[in-house]
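So you can see what is in the structure, the chains are spelled out below.
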Amino acid sequence: MQLKIMPKKKRLSAGRVPLILFLCQMISALEVPLDLVQPPTITQQSPKDYIIDPRENIVIQCEAKGKPPPSFSWTRNGTHFDIDKDPLVTMKPGSGTLIINIMSEGKAETYEGVYQCTARNERGAAISNNIVVRPSRSPLWTKEKLEPITLRNGQSLVLPCRPPVGLPPPIIFWMDNSFQRLPQSERVSQGLNGDLYFSNVLPEDTREDYICYARFNHTQTIQQKQPISVKVISVDELNDTIAANLSDTEFYSAKSSRERPPTFLTPEGNASKKEELRGNVLSLECIAEGLPTPIIYWIKEDGILPINRTFYKNFKKTLQIIHVSEADSGNYQCIAKNALGAIHHTISVTVKAAPYWIMAPQNLVLSPGEDGTLICRANGKPKPRISWLTNGVPVEIAPDDPSRKIDGDTIIFSNVQESSSAVYQCNASNEYGYLLANAFINVLAEPPRILTPTNTLYQVIANRPALLDCAFFGSPLPTIEWFKGAKGSALHEDIYVLHENGTLEIPVAQKDSTGTYTCVARNKLGIAKNEVHLEIKDPTRIIKQPEYAVVQRGSTVSFECKVKHDHTLIPTVIWLKDNSELPSDERFTTDKDHLVIADVSDDDSGTYTCVANTTLDSVSASAVLSVVDVPNPPFDLELTNPLDKSVQLSWTPGDDNNSPITKFIIEYEDTMHEAGMWHHHTEVSGTQTTAQLKLSPYVNYSFRVMAENSIGRSLPSEASEQYLTKAAEPDKNPTAVEGLGSEPDNLVITWKPLNGFESNGPGLQYKVSWRQKDGDDEWTSVVVANVSKYIVSGTPTFVPYLIKVQALNDVGFAPEPAVVMGHSGEDLPMVAPGNVRVNVVNSTLAEVHWDAVPLKSIRGHLQGYRIYYWKAQSSSKRNRRHIEKKILTFQGSKTHGMLPGLEPFSHYTLNVRVVNGKGEGPASSDQVFNTPEGVPSAPSSLKIVNPTLDSLTLEWDPPSHPNGILTEYTLKYQPINSTHELGPLVDLKIPANKTRWTLKNLNFSTRYKFYFYAQTSAGSGSQITEEAVTTVDEAMASRQVDIATQGWFIGLMCAVALLILILLIVCFIRRNKGGKYPVKEKEDARADPEIQPMKEDDGTFGEYSDAEDHKPLKKGSRTPSDRTVKKEDSDDSLVDYGEGVNGQFNEDGSFIGQYSGKKEKEPAEGNESSEAPSPVNAMNSFV
């Protein structure tokens, strides 16, 4: 019965058909186990065309397998080769390989011939190819006398090589006596035949050592031709030579070196033919001469050149098409073209083909009684002839076999028996070669056997294919079934693929694919089983890949590569640079996740790849490192096109170090005036390498250039050569010309002088001119040396002058200068401001008015008005003490201003003076004014002493700043119960002369909160607060102690505590959800309605609001009013305030500083009591 082999792949249908492997008759993947009887099979042999090295022993290979092991025999040149008769020939034991010992004696030529090996056993005979053995040859060049070649400039030249015929053919190249290859180009090139072609010669082609070399690779020898001498002479040299020997009529004209159109040196004519074999490289060549040198182009007539198989060599003179096929046959045209014309040559290409396989015969294993076929199909051009042999003998003369029938390229077997076993040879041949294939038919009856080792463990990465092997053999060929699990049924899912060799493929393995799989092989002679195991592993992944990095040379760079992998696999992480190992350099360090490169250099640029390998998979990630730096300095600075006021500078850029140059900076040095000092001249784009520079006269220039990129600026280049420009008159005048008097009777004219670079010539001086602005005087002028100041004496006080300063040198004057205005010197003002009035705004602010002084009396530039004021007397104590004067200056012509920061209830004196650039004028008459009372500050202290069961005594110190006459004190207090709630408020008035007060009839063991402040006729001052507790009644305390020791009381307290804890938890949960809890609602309900913004009083500046701000908390509220002290807004704008010693006012009088004085800082008005604790703070401290 014939064995059947399944198709290459077969998917199970979706209809849950059992997974059974049907096998077709071809068994290309089925190997017969070597322990079974089988015909011989050739496994190794020498190549058909076997070129040997005559200096080594000859080894002709022939290896084969079979059961029983085959015996070997050889033929040479078609007849039996008896190796026993030749002592130099031995056969390798257990093999058919011949070893011919020619090292000791004998010659390789003796054993040249055609060899064929036969491997034979009881089941048949296999034969090798015909092996043609030839020794390699590297003959010498024949002796020849080569005459020197002399030719005119521009002529064409071909230097022949004509190497000796070798085996294999040699490689040709041209060199000189120093073994240096001769340079080749579009003009000079070597042809496929080895000749050296010159399209036109030049004088530099003259040399005496044009040598053609032939390298024979097989014998590793090089042979050389005799040197060829070439001399190229110009027409003039040629005519000089002829003139000495010949008549004038024989002179050469210059036509020999004139331009000419192309002509072909090779191939000749307009057309040629070329034949090539399929699979080889097609090489077509066209070399042309002409002047100028022609350019070669290639086209294919009626077709296009194959894109991926076409290459150009030898400066496009050679067209190569690799893997040529019959489709490449056709006409190819080469075109040679220069400026004078074009020619073309057509090459007709025919592609022939030695035989090649379409279907080579395969070994056939059949069981007795089965049918089968051997197919041998080949193609070629011309079409090959197919012939059959059996056991090395042509089938026509071989013994008959009734089971065999030959039908052209097919042998049909039917009802085979064991005697039908044999080896068949198929020979396909044409004029270009042959193919020989051995294929046996082996008739066996064998039960199934599974060749894959049992319990093989396969580990596969998830989501990848899993291939479970089930290599098998049997005759008839078994069917294959796969099962999953110990008691599983045949696989029915359509997610599996079966291969002809029994392999089960899971295209996308998942975690649930893990398990045990059973392969079952059956034929009519038996059954075989095998279990394999599959484990699915998590894939290795790079979860943090290295990133592209741009770093500066010399810095440190780090690449990160974090790997996640299956916990049962151990990964190895390696780093590659440009797909090669990292350099062996201590600057490169690696750890688990990082590659660190220290002191980065230019050579470190490249692609760095992190490769994570396990036994099952490999992943990689790459990043590019670009090493950048500031550019290298430019070089080769050159000055060209020198003119009087310009020159062209050119340079060569340095390396940009991987960051494009964005600009060039050009600097100059004036070695005549400022040697060693470099100045910026201009900048140009990073793409420019020249700049036209504008120059100044009378400067000895040197230039240098710096390049700049995104990293920074290069070092300067070397300085250029020096360039001295001619002198000229100055082209600019001094700047910053001013006229200001230093004394009342002079005018000081100053200017910024020109520097040496701006002088434009030697002898720099200045012409200084002046005249009164409002007079009819002529200009007065004086020429001074290279200075920056000139003083005009005897001028009237503070008179405007017109001034101009002109530069000049030995060549001439600068252009006419601009005229500026100045003034002669100032003097102190003569008149004091009059009609000074003071308007007291409130207790801390006064407004001052005055009349402006006449402008003529100022005798200078009006700077402003200055107010001196001081506190002379305290109205409350009526004693005088010295206070240092304070100063406020009001800029410009302002005639009023505000005096801020005054002390309430004080006596002040002030006067006003006008100010110019020279100083202050006389003071106005003193004006006296008084500030009204203000609210006092908080009492300096408050303490509670001598607490008793029902009384508390308060002691205090008066306010440190009463700011008026105290009228009384106000004391407010209220009790605080055990739940921290405030009781009813008690209000008590205390005479101003008291500093101690006792409160009686208070509750025992009760905490009280006190609010205490002083009052003047202006209102209430800031309050101070305090808390205290009355003492505890001893009898009550004793009873409390007794109750606290009772068990029922302890239990009650524990229950209450537990209840409170539960309530607190509930409240906390509700609060987190955004709702209000009862305590919060209760607090909101008890908010003090008397908490209000501070009252504004339009008539005061910097005072507190009225008594509404000092109200204590109402009963039931634990939240005090905000006692933050704020100054009230004033109706007066800050523009009315002047400046002190450290302050300034703008010309419009707006305040931009603070007044200052050396007196000790006064405390703020009675509304500042930040030190006093608020009711909330006090209560918190108690709790």
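Residues numbered from 1 in each chain as written. Predicted model: local features only at pLDDT ≥ 70, side-chain atom pairs only at ≥ 80, totals over all residues. Heavy atoms only, no water.

## A word on the overall build of the chain
Here's step 1: Looking only at helices and strands, one finds six helices and 87 strands in the chain.
Here's step 2: Taking all contacts inside the chain whose residues are at least 6 apart in sequence as the whole, residues at least 24 apart take part in 66%. (Helix = DSSP H or I, 4+ residues; strand = E, 2+ residues; numbered from the N terminus. Contact = heavy atoms within 4.5 Å.)

## A closer look at unusual backbone geometry
Here's step 1: Along the chain, Lys 67 connects to Pro 68 via a cis peptide bond; the corresponding omega equals 0°.
Here's step 2: Relative to the elements of secondary structure, Pro 68 occurs in the loop between strand 6 (62–67) and strand 7 (71–76).
Here's step 3: Residue Pro 476 follows Ser 475 across a cis peptide bond; omega there is 5°.
Here's step 4: Tracing the backbone through its elements, the reader meets Pro 476 in the loop between strand 43 (472–475) and strand 44 (479–484).
Here's step 5: At Asn 415, a residue that is not glycine, the phi angle is positive and equals roughly 50°.
Here's step 6: Turning to its location among the elements, Asn 415 is positioned in the loop between strand 37 (410–413) and strand 38 (422–430).

## Some words on the sheet that holds strand 28 (residues 318–321)
Here's step 1: One open sheet accounts for three strands, arranged 24-28-27; its pairing is antiparallel. Of all strands in the sheet, those with a lone pairing partner are strand 24 (282–285) and strand 27 (310–313), marking the two edges. Direction aside, neighbouring strands of the sheet carry axes that sit 20° apart on average.
Here's step 2: As defined by bridge partners, strand 24 adjoins strand 28 across four bridges and the pair is classed as antiparallel. When the bridges of strand 28 are listed, Ser 283 appears paired with Gln 320. (Pairing = 2+ DSSP bridges. Axes fitted to C-alpha atoms, helices over the stretch in contact; angles between N-to-C directions.)

## Brief notes about the packing of aromatic side chains
Here's step 1: Considering all chains together, one arrives at 22 aromatic pairs under this definition.
Here's step 2: Three or more aromatic residues joined by ring pairs make a cluster, and in this case those are Tyr 668, Tyr 701, Phe 703 and Phe 757.
Here's step 3: Between the NZ or CZ atom of Arg 207 and the centre of the ring of Tyr 210, over which it lies, the distance is 5.7 Å.
Here's step 4: Sitting over the face of the ring of Tyr 312, Lys 316 holds its NZ or CZ atom 4.7 Å from the ring centroid. (Phe/Tyr/Trp six-rings, centres within 6.5 Å; stacked < 30°, edge-to-face > 60°. Lys NZ or Arg CZ within 6 Å of the ring centre and 35° of its normal.)

## Description of the UniProt feature "transmembrane region" (unreviewed entry) in the chain
Here's step 1: According to UniProt, the "transmembrane region" (unreviewed entry) feature falls on residues 1048–1069.
Here's step 2: Within residues 1048–1069, the helical portion is 100% and the strand portion 0%, while the C-alpha atoms at the span's ends are 32 Å from each other. (UniProt positions renumbered as here; feature names shortened; annotations may be inferred.)

## Side note on the side chain of Asp 566
Here's step 1: Its location among the elements puts Asp 566 in the loop between strand 52 (562–564) and strand 53 (572–577).
Here's step 2: Salt bridges are absent for the buried Asp 566, whose nearest opposite-charge side chain, Lys 511, sits at 4.1 Å.
Here's step 3: Among the polar contacts listed, one links the side chain of Asp 566 to the side chain of Thr 568, at a separation of 2.5 Å.
Here's step 4: Once you skip the residues sitting within four places of it in the chain, Asp 566 turns out to touch Lys 511, Lys 537 and Asp 538. (Buried < 20%, exposed > 50% of the residue type's maximum accessible area, 1.4 Å probe, protein only. Lys, Arg positive; Asp, Glu negative; His and termini not counted. Salt bridge = Lys/Arg side-chain N within 4 Å of Asp/Glu carboxyl O. Polar contact = N/O pair within 3.5 Å; in protein donor to acceptor, adjacent residues only side chain to side chain.)

## Some remarks on the state of the cysteines
Here's step 1: This model, assessed by the stated rule, comprises six disulfides.
Here's step 2: Each sulfur of the disulfide joining Cys 161 and Cys 212 lies 1.9 Å from the other. Taking the torsion about the sulfur-sulfur bond, which here is approximately -65°, the covalent link between Cys 161 and Cys 212 counts as left-handed. In this pair, Cys 161 is assigned in the loop between strand 15 (157–159) and strand 16 (171–175) and Cys 212 in strand 19 (residues 207–216), connecting sequence segments 51 residues apart.
Here's step 3: We classify Cys 212 as buried; its relative accessible area is 1%.
Here's step 4: The disulfide partner of Cys 286 is Cys 334, and the S-S distance across this bridge is 1.9 Å. Across the S-S bond linking Cys 286 and Cys 334, the dihedral sits near -70°, which makes this disulfide left-handed. (Disulfide = S-S within 2.5 Å.)

## Points about the sheet that holds strand 39 (residues 433–443)
Here's step 1: Here five strands make up an open sheet; going across it, the order is 31-39-38-34-35 and the pairing mixed. The two strands at the open ends of the sheet, each matched to only one other strand, are strand 31 (364–366) and strand 35 (393–394).
Here's step 2: Bridging between strand 31 and strand 39 involves three bridges; their strand directions are parallel. Among the inter-strand pairings, Leu 366 is bridged to a residue of strand 39, identified as Val 443.

## Concerning the pairing of strand 11 (residues 113–121)
Here's step 1: Here strand 11 lies mainly inside the structure; seven of its nine residues are buried.
Here's step 2: As paired strands, strand 7 and strand 11 are joined by six bridges and run antiparallel to one another. Residue pairing across strands places Trp 74 opposite Cys 117, the latter belonging to strand 11.
Here's step 3: In this sheet, strand 13 (residues 131–135) lies alongside strand 11 in antiparallel orientation, the contact comprising three bridges. Bridged to Gly 113 within strand 13 is Val 133.
Here's step 4: Sheet topology note: the strand 11/strand 12 (residues 124–127) ladder contains four bridges and is antiparallel. Within strand 12, the residue paired with Thr 118 across the bridge is Ile 127.

## What about the pattern of salt bridges?
Here's step 1: With the rule as written, the count across this model stands at 39 salt bridges.
Here's step 2: The shortest N-O distance in the salt bridge between Asp 851 and Arg 837 comes to 3.4 Å. Here Asp 851 is found in strand 74 (residues 845–851), whereas its partner Arg 837 is found in strand 73 (residues 834–842), with 14 residues between them in sequence.
Here's step 3: In the salt-bridge network here, residues are joined through shared partners; they are Lys 663, Glu 683, Glu 708 and Arg 713.

## With respect to the pairing of strand 27
The side chains of a regular strand alternate, first on one face of the sheet and then on the other.
Here's step 1: Here strand 27 runs beside strand 28; their pairing, made up of four bridges, is antiparallel. Residue Lys 313 lies in a different strand from strand 28, and its bridge partner there is Thr 318.
Here's step 2: Connecting strand 27 to the antiparallel partner strand 28 that follows it, the hairpin turn spans four residues, and Asn 314 within it adopts a positive phi of roughly 55°.

## Here we look at the environment of Phe 757
Here's step 1: Assignment of secondary structure puts Phe 757 in the loop between strand 67 (746–752) and strand 68 (765–772).
Here's step 2: For Phe 757, a relative accessible area of 17% puts it in the buried group.
Here's step 3: Put simply, Phe 757 and Asn 700 are 57 residues apart on the chain and 9.4 Å apart in space, counted from C-alpha to C-alpha.
Here's step 4: For Phe 757, the contacting residues outside a window of four places in its chain are Tyr 668, Asp 670, His 673, Ser 696, Pro 697, Val 699 and Tyr 701.

## What about the nonpolar core?
The nonpolar side chains of soluble globular proteins are, as a tendency, buried together.
Here's step 1: Counting 31 residues, the largest nonpolar core has Ile 58, Ile 60, Trp 74, Ile 100, Tyr 111, Tyr 115 and Val 133 as the members making the most contacts within it.
Here's step 2: Listing elements by their share of this core, those giving two or more residues are strand 4 (49–52), strand 5 (58–60), strand 6, strand 7, strand 10 (98–100), strand 11 and strand 13.
Here's step 3: For Ile 60, the contacting residues outside a window of four places in its chain are Ser 46, Tyr 50, Trp 74, Gly 96, Thr 97, Leu 98, Ile 100, Tyr 115, Ile 131 and Val 133.
Here's step 4: Formed by 24 residues, the second largest nonpolar core is a distinct cluster that contains Ile 450, Ala 462, Ala 528 and Ile 536. (Core = buried A, V, L, I, M, F, W, Y, C linked by side-chain atoms within 4.5 Å.)

## Focus on the side chain of Asn 129
Here's step 1: The topology assignment puts Asn 129 in the loop between strand 12 and strand 13.
Here's step 2: Those residues in contact with Asn 129, other than ones at most four positions away along the chain, are Gln 45, Lys 48, Tyr 115, Gln 116, Tyr 434 and Leu 436.

## Let's talk about the confidence of the model for the chain
Here's step 1: Residue-level pLDDT values for the chain average 84, and 84% of them are 70 or greater.
Here's step 2: Within the model, the stretch residues 1075–1137 combines pLDDT values under 50 with 152 contacts to residues more than four positions away or in other chains.
Here's step 3: Counted against residues more than four places away or in other chains, residues 1139–1183, with its pLDDT under 50, gives 124 contacts. (pLDDT = per-residue confidence, 0-100.)

## Some details on a nonpolar patch on the surface
Here's step 1: Residues Leu 1058, Leu 1061, Ile 1062, Ile 1065, Val 1066, Phe 1068 and Ile 1069 make up a contiguous nonpolar surface patch of about 660 Å² in total accessible area.
Here's step 2: The residue Ile 1069 is located in helix 4 (residues 1047–1072) in this model.
Here's step 3: By relative accessible area, Ile 1069 is classed as partly exposed at 44%. (Patch = residues over 30% accessible without salt bridge, like charges linked within 9 Å, V, L, I, M, F, W, Y side chains within 5 Å. Areas by Shrake-Rupley, 256 points an atom, 1.4 Å probe, with all protein chains shown as cover.)

## Some thoughts on the environment of Ile 597
Here's step 1: Following the sequence through the fold, Ile 597 ends up in strand 56 (residues 594–597).
Here's step 2: Ile 597 gets classed as buried once you look at its relative accessible area, which sits at 0%.
Here's step 3: Linking Ile 597 and Ser 558, residues 39 residues apart in sequence, is a C-alpha distance of 6.4 Å.
Here's step 4: In contact with Ile 597, other than residues within four places in its own chain, are Ser 555, Thr 556, Val 557, Phe 559, Arg 587, Phe 588, Asp 604, Tyr 608 and Leu 625.

## What to know about the environment of Leu 855
Here's step 1: Topologically, Leu 855 is positioned in helix 2 (residues 855–858).
Here's step 2: Since its relative accessible area comes to 68%, Leu 855 is described here as exposed.
Here's step 3: Here the alpha-carbon distance between Leu 855 and Pro 829, two residues 26 residues apart in the chain, equals 9.4 Å.

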